[in-house]
Amino acid sequence: DGGITQSPKYLFRKEGQNVTLSCEQNLNHDAMYWYRQDPGQGLRLIYYSQIVNDFQKGDIAEGYSVSREKKESFPLTVTSAQKNPTAFYLCASSIEDNTDTQYFGPGTRLTVL
Amino acid sequence: AQKITQTQPGMFVQEKEAVTLDCTYDTSDPSYGLFWYKQPSSGEMIFLIYQGSYDQQNATEGRYSLNFQKARKSANLVISASQLGDSAMYFCALRPSNFGNEKLTFGTGTRLTIIP
């Protein structure tokens, strides 16, 4: 089945540690995105990538880093520089067509202890 | 800058009734797309329906339809014959259509609860 997978579903980290969230898609989509969701709020864009080996900052990129070495994969690293990393993280992908609809993975809930 | 406003933080609706979720938007782009997503308690964002700014007709997808009023900058989601499984958060989102800008701007969402 085609889709977007994110792992792990729940992640706990100690303060000061970097952690990497996985996002993989087998939809052959060119573009991939990372969003952050805080309680009671909508999604905010962290980073996005339209093609392999290229990515752009979104609205809240500080304290995060990404890579796009393969079309299928877009991992997000939450660094120790991110002051409030506890949140729900959603990965999405889209194909360039007349709607550019973004399809989302199941999300990773990160808790910093 | 793009902005989405969803003024209903929560709604309670009787099962089998129709429900309208409000969404107003603000953009200076002449061409844009509007999206509705459903987020159940599991957390995944599920795409429901899309409306392009130049589409002549309101979008429909099964029990979902979009009441698009361009002059009023509103794009309300209508769910007909609501079911218990419709209980979830619903988000409206806006994306400019100019090339190279796929950024989605989301509203704060409406929590819909269907009462048996």
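As shown above, the structure is provided for reference.
Residues numbered from 1 in each chain as written. Chains lettered and ligands numbered in written order. Predicted model: local features only at pLDDT ≥ 70, side-chain atom pairs only at ≥ 80, totals over all residues. Heavy atoms only, no water.

Visitor: Is there a simple way to think about the state of the cysteines in this case?
Guide: Residues and elements named next belong to chain A. Tallying each qualifying case throughout the model produces 2 disulfides over all chains. The side chain of C23 participates in a disulfide bridge whose partner is C91; the two sulfur atoms lie 1.9 Å from each other. Sign of the S-S torsion, about -70° for the bond between C23 and C91, identifies this disulfide as left-handed. Taken together, the residues span a long stretch of sequence, with C23 in strand β3 (residues 19-25) and C91 in strand β9 (residues 87-94) at a distance of 68 residues. (Disulfide = S-S within 2.5 Å. Helix = DSSP H or I, 4+ residues; strand = E, 2+ residues; numbered from the N terminus.)

Visitor: It is not clear to me how the layout of surface pockets should be interpreted in this structure. Could you clarify?
Guide: In this approach the atoms are scanned with a rolling probe the size of a water molecule, which exposes any empty space left behind. Estimates place the volume of the largest pocket at around 370 Å³. Taken together, 20 residues make up the lining of the largest pocket; nearest its centre are Q37(A), P39(A), R109(A), Q39(B) and R111(B). Counting residues per element, the ones that place at least two in the lining of the largest pocket are β9 and β11 (108-112) of chain A together with β10 (88-96) of chain B. Here the residues of the lining of the largest pocket are counted per class, giving 8 nonpolar, 9 polar and 3 charged. For the second largest pocket, the calculated volume is near 170 Å³. R36(A), R44(A), I60(A), E62(A), Y64(A), A81(A), Q82(A), K83(A) and N84(A) together form the lining of the second largest pocket. Residue composition of the lining of the second largest pocket, by class: 3 nonpolar, 2 polar and 4 charged. (1 Å grid on protein atoms, 1.4 Å probe; cavity = no way out; pocket = protein on both sides within 12 Å on 5 of 7 lines; lining within 4 Å. Points joined across faces, edges and corners; volume = space filled by probe spheres on them. Nonpolar A, V, L, I, M, F, W, Y, C, P; charged D, E, K, R; others polar.)

Visitor: Explanation requested: a nonpolar patch on the surface in the structure shown.
Guide: Judged by side-chain polarity, Y10(A), F12(A) and L113(A) come together as a nonpolar surface patch covering roughly 390 Å² of accessible area. Along the chain, the position of F12(A) falls in strand β2 (residues 10-13). (Patch = residues over 30% accessible without salt bridge, like charges linked within 9 Å, V, L, I, M, F, W, Y side chains within 5 Å. Areas by Shrake-Rupley, 256 points an atom, 1.4 Å probe, with all protein chains shown as cover. Salt bridge = Lys/Arg side-chain N within 4 Å of Asp/Glu carboxyl O.)

Visitor: Sorry if this is basic, but what is going on with the side chain of T110(B) here?
Guide: All names here are of chain B. The residue T110 is located in strand β12 (residues 110-115) in this model. Judged by relative accessible area, T110 falls into the buried class, the value being 0%. At a separation of 2.6 Å, a polar atom in the side chain of T110 contacts the main-chain carbonyl oxygen of Q8. (Buried < 20%, exposed > 50% of the residue type's maximum accessible area, 1.4 Å probe, protein only. Polar contact = N/O pair within 3.5 Å; in protein donor to acceptor, adjacent residues only side chain to side chain.)

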